[in-house]
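Examination of the molecular architecture
Letter by letter, the chains look like this.
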Amino acid sequence: MGFARTCSVALVGVEGVVVEVQADLEPGVAAFTLVGLPDKSLTESRDRVRAAVVNSGGEWPQKKLTVGLSPASVPKGGSGFDLAVACAVLGAAERIDPRVLADIVMIGELGLDGRVRPVLGVLPAVLAAADAGYEQVVVPECTAAEASLVPGISVLGVRSLRQLIAVLTDEPVPEEEPDEPGRPDPMLAGLCVPGTGVGTGLTGALDDARGLDLADVVGQAAARTAVEVAAAGAHHLFLQGPPGAGKTMLAERLPAILPRLTREESLEVTAVHSVAGMLPPGRPLVDIAPYCAPHHSATMQSLVGGGKGIARPGAVSLAHRGVLFLDEAPEFSSQSLDSLRQPLESGHVVIARSAGVVRLPARFLMVLAANPCPCGRHTLLGDGCECPASVIRRYQGRLSGPLLDRVDLKVVVEAVTRSELAGYGTRGESTQTVADRVRAARERAAARLAGTGWRTNSEVPGHALRTRWPAAIGALDAAELDLERGFLTARGLDRVLRVAWTVADLAGHDRPSAQDVALALQLRTGVSRGVPVTIGAPT
């Protein structure tokens with residue numbers, strides 16, 4: 001009788017659970033039994049592992065073989081257990097010393113020829129292994145850079161099962177034949193999910209190929225200010241205006257003025273994109289704010305996450321620490337829009353399925369864009385709108401009050417005039433200029449919030465703002481009057497105070513003044529308060 005064990009990782013959402021892979025050989029009729037709550041793709045590993053071992057020069061044991069995955073109560077799926085199963089079997093057959101395997105975590109799919117193929121979610125799997133106290137992991141060679149992002153853990157990247165056996169048995173490591181130059185690498189196919197190409201809008205905002213500059217936006221002083229405030233404080237933004245006014249242009253340029261992600265934020269974003277199969281080739285670490293722009297026909301499951309079995313990340317998680325842009329927002333289903341309420345408040349989404357409950361990160365900056373009516377000409381002078389009043393009310397009512405109450409900034413984007421389009425006016429500030437101002441405001445907020453666990457003004461509870469960091473004396477009088485008149489809710493007053501702090505950070509003020517609060521009210525309600533829309537401008 002032979003016994004050996006090693007470890008692998010099962011992913012539940014973007015969190016990993018270390019699984020012990022045990023192999024037991026007993027005399028009897030040759031058979032291969034896999035137990036421990038495996039799914040269909042994992043059950044098929046029996047044939048893959050047998051062929052890989054034989055084609056790697058090993059001898060398959062002709063005994064009764066039982067492979068157990070512990071804990072058996074955790075659902076397990078995917079092909080990432082292949083490498084661990086093969087090594088556990090070889091350890092039980094005494095081809096590899098079982099003592100060498102006990103403290104190693106192995107992640108990878110095996111081809112029939114013994115090659116080690118990449119799988120999704122390597123980074124969160126290695127993070128789970130490190131948290132559990134393991135110090136050594138074995139991953140496919142093409143994902144070794146991604147696994148090496150986790151500090152304090154030794155990563156071994158292998159191209160084939162033959163190489164791994166040689167390393168574990170202190171034998172000469174065989175050289176694998178390189179692929180022919182110019183041919184596509186079939187190994188990279190395991191790192192992508194169909195339908196996650198460039199056209200999905202999930203590309204980096206600072207990619208030089210995009211060439212988007214905020215200076216390209218003509219006019220729109222109020223909307224540009226709102227975009228700057230949204231970036232500085234991570235406030236949600238609603239842009240309403242006729243077609244062609246520049247709503248999409250502003251939203252596409254918003255990620256570029258956001259600060260680069262910190263190391264901790266980069267690991268969070270990379271883990272989500274690794275599970276979803278959306279990591280850019282050759283860039284294992286996502287260090288720029290992601291940008292996700294789903295089509296208005298997107299279902300609720302595609303927005304918040306879902307799918308068969310264990311839920312997979314949706315658009316709100318793919319936009320974590322970045323921008324989620326919902327163009328033509330009233331065209332989204334009301335069920336899809338209202339499903340955003342929880343992540344907008346909590347910064348995460350909890351999805352319950354029969355296979356388990358998954359908690360996915362979802363702290364994003366939401367930008368809504370909408371026309372004033374179905375034809376889009378309701379607010380244009382000299383261009384008649386033929387939509388009946390009832391149709392306009394029904395169209396605008398698709399965005400529910402509770403959803404809009406969670407949006408900090410609401411701006412009307414006016415149609416571009418002839419003089420502005422012809423270039424008679426002054427050109428707006430560039431992306432780099434605005435980004436520098438946003439970064440300075442974020443640094444002021446970070447210094448103020450140091451040691452609290454909050455990173456941006458939008459995360460700070462209203463009670464803490466009123467008690468720990470009060471505004472100037474009398475600065476909130478206008479906002480409190482709007483609360484008494486019913487123009488603002490209690491949540492709305494807290495959000496006005498958060499925006500006021502962001503305006504103060506951009507202007508370099510120690511605390512919000514009456515002018516800062518007035519500008520925050522103007523950006524919140526869309527009603528003019530008699531203050532300039534430019535940050536820090538004199539009255």
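Provided above is the structure to which this section pertains.
The rules we used
- Numbering of residues starts from 1 in every chain and runs along the sequence as written.
- Given that the model is predicted, a residue must reach a pLDDT of at least 70 before its local features are reported, and side-chain atom pairs must reach 80 or more before they are shown or counted; all residues, however, enter totals for whole chains, interfaces and linings.
- Side-chain numbers come from the whole structure's heavy atoms, not from hydrogens or water.
- Paired strands, in this sense, are two strands between which DSSP finds at least two bridges.
- Put simply, DSSP marks the helices as runs of H or I at least four residues long and the strands as runs of E at least two long, and each gets a number from the N terminus on.
- A fitted line through C-alpha atoms serves as each axis, taken over the contacting stretch for helices, and the angle formed by two N-to-C directions is quoted from 0 to 180°.
- Our angle categories are set so that under 35 degrees counts as roughly parallel, over 145 as roughly antiparallel, 65 to 115 as roughly perpendicular, and the remainder as oblique.
- By convention, the crossing between two helices is left-handed when the near helix turns anticlockwise from the far helix through less than a right angle, and right-handed when the turn is clockwise.
- The contact rule is simple, with two residues in contact once any of their heavy atoms fall within 4.5 Å.
- Nonpolar residues are Ala, Val, Leu, Ile, Met, Phe, Trp, Tyr, Cys and Pro. Charged residues are Asp, Glu, Lys and Arg, and all others, Gly as well, are polar.
- Any residue under 20% of the maximum accessible area for its type is buried, any over 50% is exposed, and the rest in between are partly exposed; the area is computed with a 1.4 Å probe on protein chains only.
- What makes a salt bridge here is a side-chain nitrogen of Lys or Arg within 4 Å of a carboxyl oxygen of Asp or Glu, nothing more.
- What we call a nonpolar core is a set of buried Ala, Val, Leu, Ile, Met, Phe, Trp, Tyr and Cys residues that are connected through their side-chain atoms within 4.5 Å.
- In this analysis, the expected span of each helix is defined as 1.5 Å times one less than the number of residues it contains.
- Taking the helix axis as origin, the arc is that swept by the directions to the C-beta atoms.
- Stacked, tilted and edge-to-face are the three classes applied to pairs of Phe, Tyr and Trp rings, where Trp contributes its six-membered ring and a pair requires centres within 6.5 Å; stacked means planes under 30 degrees apart, edge-to-face means over 60, and tilted covers the rest.
- Our working definition of a disulfide is a cysteine sulfur pair at a distance within 2.5 Å.

A few points about the pairing of strand β4 (residues 64-70)
The pairing of strand β2 (residues 15-26) with β4 spans 7 bridges and is antiparallel. In the sheet register, Asp24 faces β4, and the bridge partner there is Thr66. When strand β3 (residues 31-35) meets β4, the two strands line up parallel, connected through 5 bridges. Opposite Val35, over in β4, you have Gly68 as the bridge partner.

Points about the packing of helix α20 (residues 477-485) against helix α21 (residues 490-507)
The packing of two helices is summarised by the inter-axis angle and the distance between the axes. Packing of α20 against α21 brings their axes to within 10 Å, and their N-to-C directions diverge by 165°. Accordingly, the angle class assigned to the pair α20 and α21 is roughly antiparallel. Two packed elements cross with a definite hand, and for α20 against α21 that hand is right-handed. Two secondary-structure elements touch here, α20 through Ala479, Glu480 and Leu483 and α21 through Ala490, Leu493 and Val496. Partitioning the contact of α20 with α21 into residue classes produces 5 nonpolar, no polar and 1 charged.

Observations regarding the sheet that holds strand β16 (residues 409-412)
Backbone-to-backbone hydrogen bonds pair the strands of a sheet. The strands run either parallel or antiparallel. With parallel pairing, 5 strands are arranged side by side in an open sheet as β11-β12-β15-β10-β16. Each end of this open sheet is capped by a strand with a single partner; those strands are β11 (291-292) and β16. Looking at chain direction, strand β12 (residues 323-326) and strand β15 (residues 365-370) are connected through 4 bridges and run parallel. The residue bridging Leu324 from the neighbouring strand is Met366, located in β15. Most of the contacts of helix α8 (residues 221-233) go to β16, to which it runs at about 160°, and overall it touches β10 (237-240), β15 and β16.

Focus: the pairing of strand β8 (residues 136-140)
Of all 5 residues making up β8, 4 are buried, and the element is well covered by its neighbours. Where strand β5 (residues 104-106) and β8 come together, 3 bridges link them in parallel fashion. In the sheet register, Ile104 faces β8, and the bridge partner there is Gln136. Where β8 meets strand β9 (residues 154-158), 5 bridges bridge the pair, whose relative direction is parallel. Counterpart to Val137 in the pairing with β9 is Val155.

A closer look at the packing of α21 against helix α22 (residues 514-525)
Remark: α21 packs on α22, axes separated minimally by 8 Å, with the N-to-C direction vectors making an angle of 125°. For the element pair α21 / α22, the angle class is oblique. The handedness of the crossing between α21 and α22 comes out as right-handed. On the side of α21, the interface is formed by Gly492, Arg495, Val496, Val499, Ala500, Val503 and Ala504, while α22 contributes Asp516, Val517, Leu519, Ala520, Leu521 and Arg524.

Topic: the pattern of salt bridges
Applying the stated criterion across every chain yields a total of 26 salt bridges. Among the ionic pairs, Asp494 bridges to Arg466, the shortest N-O distance being 2.3 Å. Remark: Arg466 occurs in helix α19 (residues 462-467) and Asp494 occurs in helix α21; sequence separation between them is 28 residues. A relative accessible area of 16% places Asp494 in the buried class. Under the relative-accessibility criterion, Arg466 is labelled partly exposed at 42%. Here the residues in one salt-bridge network are Glu345, Asp405, Arg406, Asp408, Arg491, Arg495 and Arg524, joined through shared partners.

Looking at the nonpolar core
Val229, Leu237, Leu254, Val367 and Val517 are the most contacted members of the largest nonpolar core, which totals 57 residues. A total of 8 residues in this core trace back to one element, the largest contributor, which is α21. Aside from chain neighbours lying at most four places away, what touches Val517 is Ala475, Leu476, Ala479, Val496, Ala500 and Pro512.

Thoughts on helix α18 (residues 431-448)
In this model α18 runs 26 Å from its N-terminal to its C-terminal C-alpha over 18 residues, within 8% of the 26 Å that 1.5 Å per residue would give. Residues Thr431, Val434, Ala435, Val438, Ala441, Ala445 and Arg448 constitute the buried set of α18. Projected onto a plane normal to the axis of α18, the buried residues spread over an arc of 140° and lie on a single side. Along α18, the residues that are exposed and aim more than 90 degrees away from the buried face are Gln432 and Ala447. Where α18 is buried, its residues touch α8 and α21.

Quick look at the packing of aromatic side chains
Under the counting rule described, the total for this entry stands at 2 aromatic pairs. With a centroid separation of 5.6 Å and 40° between ring planes, the pair formed by Phe32 and Trp60 is classed as tilted. Of this pair, Phe32 sits in strand β3 while Trp60 sits in the loop between α2 (45-55) and β4, placing them 28 residues apart in sequence. A relative accessible area of 8% places Phe32 in the buried class.

Regarding unusual backbone geometry
Here the residue pair Ser70 and Pro71 is connected by a cis peptide bond, since its omega of 10° sits within 30 degrees of zero. Mapping Pro71 onto the fold places it in the loop between β4 and α3 (82-92). With phi around 60°, Ala234 is a residue other than glycine that occupies positive phi space. Although it is not a glycine, Arg321 adopts a positive phi angle of roughly 65°.

What about the state of the cysteines?
According to the stated counting rule, one finds 0 disulfides in the structure shown. This cysteine, Cys385, is not joined by any disulfide, and Cys375 carries the nearest cysteine sulfur, 3.5 Å off. In this structure Cys387 is a free cysteine whose sulfur lies 3.6 Å from that of Cys375, the closest cysteine sulfur available. Exposure remark for Cys387: the relative accessible area of 16% places this residue in the buried category.

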